[in-house]
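Breakdown of the fold
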Amino acid sequence: MSQPQAVPERASGWLETLGAIALFAMMAVTFVDIAGRFLLNRPLAGSTDLVQVLLLLTAGCTLPAVTCRGEHLSIGLFDGARPTPLERARRAMVAVVLAVTFAALAVLLWRYAGETARNGDVIGYLRLPVAPFVYALSALCLVCALVGAALVRRALRCRPDDVPSPAAPLEHTGAAT
């Protein structure tokens, strides 16, 4: 019998799934718009608005999962470094910067969402209100900040046996030469 997944891993999975669905929907909207434009001479009304919202949803939903797994783009100067006290401190500082940055972004987005709600801002052709989408992105940035805070704890209590070995180099598949 397998161990139950921790809440962050389950939440990460749900957010990734929602992001993947939004990405697929964005692809479908773009396909229908282009097919309609060239085959029927009738583009999909509001497709640009839909793609904008779906892009926000895709990025916003996948960001907490990427943060949780530490899969951000990074320079591998310290790959494979053992978690000495100095390395743990470095990882903790990176996580603190990440958490503070996302928390600040969440606050700024929340304020901006309030402004757009007061102004009654809408998105283009479909006249969708902007505020709910900005509030959602703000909430997802707050989730990233909380994940960053959890990463600080993880970095500080990390032991040498907890660190996975560096990834093996990619094998050549022969697909492109």
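In the block above lies the structure referred to throughout.
Residues numbered from 1 in each chain as written. Predicted model: local features only at pLDDT ≥ 70, side-chain atom pairs only at ≥ 80, totals over all residues. Heavy atoms only, no water.

1. A look at the pattern of salt bridges
If charged atoms from side chains of opposite charge come close, those side chains can pair. This is how it is decided: Whenever Lys or Arg places a side-chain nitrogen within 4 Å of a carboxyl oxygen from Asp or Glu, that contact is recorded as a salt bridge. A helix here means a DSSP run of H or I that spans at least four residues, while a strand means a run of E at least two residues long, and both kinds are numbered starting from the N terminus.
Under the defined criterion, the tally for this structure stands at 1 salt bridge. Here Asp 33 ties to Arg 37 by a salt bridge, and the two come within 3.0 Å at their closest N and O atoms. Placement of both Asp 33 and Arg 37 in helix H1 (residues 7–39) is noted, with a separation of 4 residues, approximately one turn of the helix.

2. Description of a nonpolar patch on the surface
As a reminder, the rule being used: Like-charged residues are merged into a patch within 9 Å and nonpolar side chains (Val, Leu, Ile, Met, Phe, Trp, Tyr) within 5 Å, provided each residue has over 30% relative accessible area and no salt bridge. Surface accessibility in these figures is a Shrake-Rupley result with a 1.4 Å probe; residues are shielded only by whichever protein chains are displayed. Partly exposed residues are those whose accessible area sits between 20% and 50% of the maximum for their type, while under 20% is buried and over 50% is exposed, using a 1.4 Å probe and protein chains only.
Taken together, Phe 31, Val 32, Leu 44, Leu 50, Tyr 125 and Leu 126 make up a surface patch of nonpolar side chains, about 570 Å² in accessible area. When you line up the elements, Val 32 lands in helix H1. Using a relative accessible area of 44% as the deciding quantity, one classes Val 32 as partly exposed.

3. Description of helix H3 (residues 85–119)
Here is the rule: Between the first and last residue of a helix there are one fewer steps than residues, each counted as 1.5 Å, and that sum is the expected span. Contacts are assigned to residue pairs that have any heavy atoms within 4.5 Å of one another.
The terminal C-alpha atoms of H3 lie 51 Å apart, and with 35 residues this matches the ideal 51 Å at 1.5 Å per residue to within 8%. For H3, the full list of buried residues reads Glu 87, Ala 92, Ala 95, Leu 98, Ala 99, Phe 102, Ala 106, Leu 109, Ala 113, Gly 114 and Thr 116. Of the surrounding secondary structure, the elements contacted by the buried residues of H3 are helix H2 (47–69) and helix H4 (131–156). Residue Gly 120 follows H3 closely and has a positive phi angle near 70°.

4. Details of the packing of H2 against H4
Applicable threshold: Convention adopted: a line fitted to C-alpha atoms gives each axis, helices being fitted over their contacting stretch, and angles between N-to-C directions are expressed from 0 to 180 degrees. Here the angle decides the label: under 35 degrees means roughly parallel, over 145 means roughly antiparallel, 65 to 115 means roughly perpendicular, and every other value means oblique. Each residue is assigned to one of three groups, with Ala, Val, Leu, Ile, Met, Phe, Trp, Tyr, Cys and Pro labelled nonpolar, Asp, Glu, Lys and Arg labelled charged, and all others, Gly among them, labelled polar.
Contact pair H2 / H4: the axes reach a minimum separation of 8 Å and the direction vectors enclose 10°. One finds that H2 runs roughly parallel with respect to H4. In this structure, H2 uses Val 53, Leu 56, Gly 60, Cys 61, Leu 63, Pro 64, Thr 67 and Cys 68 to contact H4, whose residues at the interface are Phe 133, Leu 137, Leu 140, Val 143, Cys 144, Val 147, Leu 151 and Arg 154. Residue composition of the contact of H2 with H4, by class: 13 nonpolar, 2 polar and 1 charged.

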